[in-house]
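Residue strings, one per chain:
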Amino acid sequence: MLLTALDGDETAVFKAAVASVQIQVEPVGRWFEAYIKRRNRTASASFQELEEEQQSSEESEDEEFVLQEYPMLRTLDPKDWKNQDHYCVLGLPHLRYKATQKQIKTAHKGIVLKHHPDKRKAAGEQIGEGDNDYFTCITKAIEILSDPVKRRAFDSVDPTFDNTVPSKNEGKENFTEVYAPVFERNARWTSKKHVPKLGTMESTFEEVDNFYSFWYNFDSWREFSYLDEEEKDKAECRDERRWIEKQNRGSRAVRKKEEMNRMRNLVDSAYSLDPRIKKFKDEEKARKEAEKRPKWKPRREQEEKERARQAEIDAARLAKEKEEEEARQVAQLAKKEKEIQKKAIKKERQKLRTSCKTWNYFTEEESDSVKMMEEVEKLCDRLELTSLQSLNEILALGSREDSKVAVVKQVQEVNAQLQREKEAEVQQRQPTRSDHASAGGGGGGSGGKGFNEEDLQMLIKAVNLFPAGTNARWEVIADYMNLHSTSGTKRTAKDVIIKAKSLQRLDPKQKDDTNRKAFEKFNKEHSVVAATIDNAQPSERFDIAGASWTTEEQKLLEQALKKFPVSTPERWEKIAETVPGRSKKDCMKRYKELVEMVKAKKAAQDVAGKTKK
């Protein structure tokens, strides 16, 4: 910086200044260290003077320290030297890992002068032979502590070191007082020189963050080779030595892992209990909330409305679920009652059969016995629970004659009821037969005028559904039409055959006209259903969707029905997933059609069997 010109002086430029250049200078060696020390002491001294001063200070310390003789030295077992405290043996229990090599040598010299075997032998003391004397422990101690590698291994397993980690209850009240000594104690294992302090409650965020970053990335030099159970020097061959080294490496790795877990637990415990961390988190949370608060105001009303709407939806859903649960409970209760009643009826029926069998069906003749057996089975099928219970009470308490009278009376009542039902059915069929007889004429027989347009379409469908070769084909077609027809007219196999033959004799134009009307009706119904959802859908039994099912889809549906029984939850959803391209409704519809077809065929076969008999 140029000085200000005085009054009367003139400023002149002789030469242009060269731009300044920055040069990076790095400190190197002990000379720079000596310079720093001189600068800090505000005194000029050479590096040699500083070394001499340090050496003199160490000598003064050596003169000041006092050996503390180990009282148990004479009782030590030389063979168990590995488990001894080497610092105590040399009289340095108060210095331990802080003792210098000079102090160790001085202590060893003093101990040797006092406990050497030759000196003790001259004093008339009994000396052990060879390595059996306790002086061997002193020799092992100086051997371990004078070697930096061996001493470091021994210091790693220092028996006086406290490895405990404070519990959470201990650190809740006095955090710094409890954890500060623990971290200072464990700082001896670090490989780095500068270790941050735990600090106080007034420490800044940077200081606390630096402290925990250091300990979470703690680099420990502690190793556990001193605890090796096997000594490779005692190995007899190279293979045995390699095996011992492998065993020792494994045990060291295990102990090292345990040590790292201990340190991690210490840091985690301190971090979780540190009140400063909680304070910093609260401050950060308050700051973020303060930044977000202006943005919340425009959306608060919208969120409140959304919450209210969601609450209404949840309330409606809960109410619906409650109603469904109540209905499900009622259905389960009804189902249980039905099962109970079913079991009771089964029990009473078995009881009736047993009682009648006990009385030999109230007869001595075999033919009468078979007939009475049939009547008893009829009673089991027709009587209700109360009637069966009353009849069983009479059979259990009454005599043979009373029981027979009761059973015969019930049989007569059941037969009378069956007769009345049969007569009513005959009377109901009488008008239908008269209509068929009056409808006879053109077309080669009766049955022409009794079929309306819907019945004709159903007949065509049934003929295609049950082709030639079906067992009792025309009885099956008649039962199918009686099951699906809405007109209420009962058709017999003869009526169906007559009408089918009359359709075959129709003019081709009339056949085309009938097929066209059937297709137009089918197309109209399905188009209306697809266009509007609110319209009433036709019954699934009138659909002909079964014709669009391929053989592969039919096979997949049958496999899915076997794989997912009735007790499977969400059965039809899983079945629909098994059949590609088919929805749950399609699968249910196809299943109903198959059930109806099987029922119709079975009924037709039963009718055909009775007719042949």
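Nothing here was measured: the structure is a model prediction, and the numbers come from that model. (Residues numbered from 1 in each chain as written. Predicted model: local features only at pLDDT ≥ 70, side-chain atom pairs only at ≥ 80, totals over all residues. Heavy atoms only, no water.)

Participant: Quick question: what am I supposed to make of the overall build of the protein chain here?
Facilitator: Looking only at helices and strands, the protein chain has 22 helices and zero strands in total. Each of the 613 residues in the protein chain was classed as buried or not, and the buried ones make up 28%. Considering only contacts in the protein chain between residues 6 or more positions apart, those separated by 24 or more positions represent 65%. (Helix = DSSP H or I, 4+ residues; strand = E, 2+ residues; numbered from the N terminus. Buried < 20%, exposed > 50% of the residue type's maximum accessible area, 1.4 Å probe, protein only. Contact = heavy atoms within 4.5 Å.)

Participant: For this particular structure, what's the right way to read the side chain of R188?
Facilitator: Along the chain, R188 falls in the loop between α9 (175–186) and α10 (205–216). A residue is classified by how much of its surface remains accessible, and R188, at 15% relative accessible area, is buried. What R188 contacts, discounting residues up to four positions off in sequence, is Y97, D155, D158, F161 and W221.

Participant: Would you take a moment to explain the confidence of the model for the protein chain for this structure?
Facilitator: The predicted coordinates of low-pLDDT regions are not to be read in fine detail. When pLDDT is averaged along the protein chain, the result is 79, and 79% of the positions lie at 70 or above. Every residue in residues 436–449 scores below 50 in pLDDT, and together they form 18 contacts with partners more than four places removed in sequence or on other chains. Taken as a whole, residues 528–547 scores under 50 in pLDDT and shows 27 contacts with residues more than four places along the chain or in a different chain. (pLDDT = per-residue confidence, 0-100.)

Participant: Any chance you could explain the packing of aromatic side chains here in plain terms?
Facilitator: Two aromatic rings are characterised by how far apart their centres lie and by the angle between their planes. In the structure shown here, the tally under the stated rule is 18 aromatic pairs. With centroids separated by 5.1 Å and ring planes inclined at 35°, the aromatic side chains of F175 and Y179 adopt a geometry described as tilted. Of this pair, F175 and Y179 both sit in helix α9, four residues apart, which is roughly one turn of the helix. Residue Y179 is classed as buried on the basis of its relative accessible area, which comes to 0%. With a centroid separation of 6.3 Å and 55° between ring planes, the pair formed by F211 and W215 is classed as tilted. Of this pair, F211 and W215 both sit in helix α10, four residues apart, which is roughly one turn of that helix. Taking relative accessible area as the criterion, F211 reaches 1% and is therefore assigned buried. A cation sits over an aromatic face here: K82 above Y226, 5.8 Å from the ring centre. (Phe/Tyr/Trp six-rings, centres within 6.5 Å; stacked < 30°, edge-to-face > 60°. Lys NZ or Arg CZ within 6 Å of the ring centre and 35° of its normal.)

Participant: Explain helix α14 (residues 385–397) to me, please; I cannot follow it from the model alone.
Facilitator: Every α-helical turn comprises 3.6 residues, leaving residues that sit three or four positions apart pointing alike. The end-to-end C-alpha distance of α14 is 18 Å, a good match for the 18 Å that 13 residues give at a rise of 1.5 Å each. Of the residues making up α14, those classed as buried are L385, L388, L391, N392 and L395. With its buried residues spanning 130° around the axis, α14 presents them on a single face. Every exposed residue of α14 that faces more than 90 degrees away from the buried side is listed here: T386, E393 and L397. (Expected span 1.5 Å × (residues − 1). Arc of directions from axis to C-beta.)

Participant: Can you help me understand the pattern of salt bridges in this one?
Facilitator: As a working rule, side chains carrying opposite charge can pair if their charged atoms are close by. Applying the stated criterion across every chain yields a total of 29 salt bridges. With its nearest N and O atoms 2.4 Å apart, the salt bridge here joins D133 to R120. In this pair, D133 is assigned in the loop between α5 (117–122) and α6 (135–146) and R120 in helix α5, connecting sequence segments 13 residues apart. The residue D155 makes a salt bridge to R151 at a minimum N-O spacing of 3.8 Å. Here R151 and D155 lie together in helix α7 (residues 148–156), a separation of four residues that amounts to about one turn. (Salt bridge = Lys/Arg side-chain N within 4 Å of Asp/Glu carboxyl O.)

Participant: Sorry, what's going on with α10 here?
Facilitator: In this model α10 runs 16 Å from its N-terminal to its C-terminal C-alpha over 12 residues, within 8% of the 16 Å that 1.5 Å per residue would give. Of the residues making up α10, those classed as buried are V208, F211, Y212, F214 and W215. Axial view of α10: buried residues confined to an arc of 155°, hence all on one face.

Participant: What's the story with the side chain of T136 in this structure? I'm lost.
Facilitator: With respect to the helices, strands and loops of the structure, T136 is situated in helix α6. Overall, T136 belongs to the buried group, its relative accessible area being 14%. Apart from residues lying up to four places away in sequence, T136 is in contact with P78, G130 and D131.

Participant: What exactly am I supposed to notice about the packing of helix α20 (residues 551–563) against helix α21 (residues 571–578) here?
Facilitator: Any two packed helices are characterised by the angle at which their axes cross and by the distance between the axes. α21 packs onto α20 with a crossing angle of 145° between their chain directions and a minimal axis gap of 9 Å. α21 is crossed by α20, and the crossing has right-handed handedness. Along its contact with α20, which presents L556, L557, A560 and L561, the element α21 presents R571, W572, I575 and T578. By residue class, the composition of the contact of α20 with α21 is six nonpolar, one polar and one charged. (Axes fitted to C-alpha atoms, helices over the stretch in contact; angles between N-to-C directions. Left-handed = near helix turned anticlockwise from the far one by under 90°. Nonpolar A, V, L, I, M, F, W, Y, C, P; charged D, E, K, R; others polar.)

Participant: Even after reading the chapter, I still don't get the nonpolar core, so can you show me in this structure?
Facilitator: As a rule of thumb, soluble globular proteins bury nonpolar side chains together. Formed by 25 residues in total, the largest nonpolar core has its most connected members in L90, I104, I138 and L145. Breaking this core down by element, the ones donating at least two residues are α3 (86–89), α4 (101–115), α6 and α7. It is α6 that provides the largest number of residues to this core, a total of seven residues. In this structure, I104 is in contact with L90, L92, A99, I142, L145 and R151, ignoring residues within four places of it in sequence. Ranked by size, the runner-up nonpolar core spans 23 residues in total, among them Y179, L198, Y212 and L273. (Core = buried A, V, L, I, M, F, W, Y, C linked by side-chain atoms within 4.5 Å.)

Participant: Got a minute to help me understand a negative patch on the surface in this structure?
Facilitator: Residues E229, E230, E236 and E240 make up a contiguous surface patch of negative charge. By secondary structure assignment, the location of E240 is in helix α11 (residues 238–273). (Patch = residues over 30% accessible without salt bridge, like charges linked within 9 Å, V, L, I, M, F, W, Y side chains within 5 Å. Areas by Shrake-Rupley, 256 points an atom, 1.4 Å probe, with all protein chains shown as cover. Lys, Arg positive; Asp, Glu negative; His and termini not counted. Charge placed at Lys NZ, Arg CZ, Asp CG, Glu CD.)

Participant: What's the story with the environment of V157 in this structure? I'm lost.
Facilitator: If you trace the backbone, V157 turns up in the loop between α7 and α8 (168–173). Along the backbone, V157 and L227 are 70 residues apart, and their C-alpha atoms lie at a distance of 8.0 Å. In this structure V157 touches R222, F224, Y226 and L227, once residues within four positions along its chain are discounted.

Participant: Hey, could you run me through the packing of helix α16 (residues 453–465) against helix α17 (residues 473–484) in this one?
Facilitator: Close contact between α16 and α17 brings their axes to 10 Å; oriented N to C, the two are set at 135°. Considering their axes alone, α16 and α17 lie oblique with respect to each other. When the axes of α16 and α17 are compared, the crossing they make is right-handed. Facing α16, whose interface residues are D455, M458, L459, K461, A462, V463 and L465, α17 presents R473, W474, I477, Y480, M481 and H484. (Parallel < 35°, antiparallel > 145°, perpendicular 65-115°, else oblique.)

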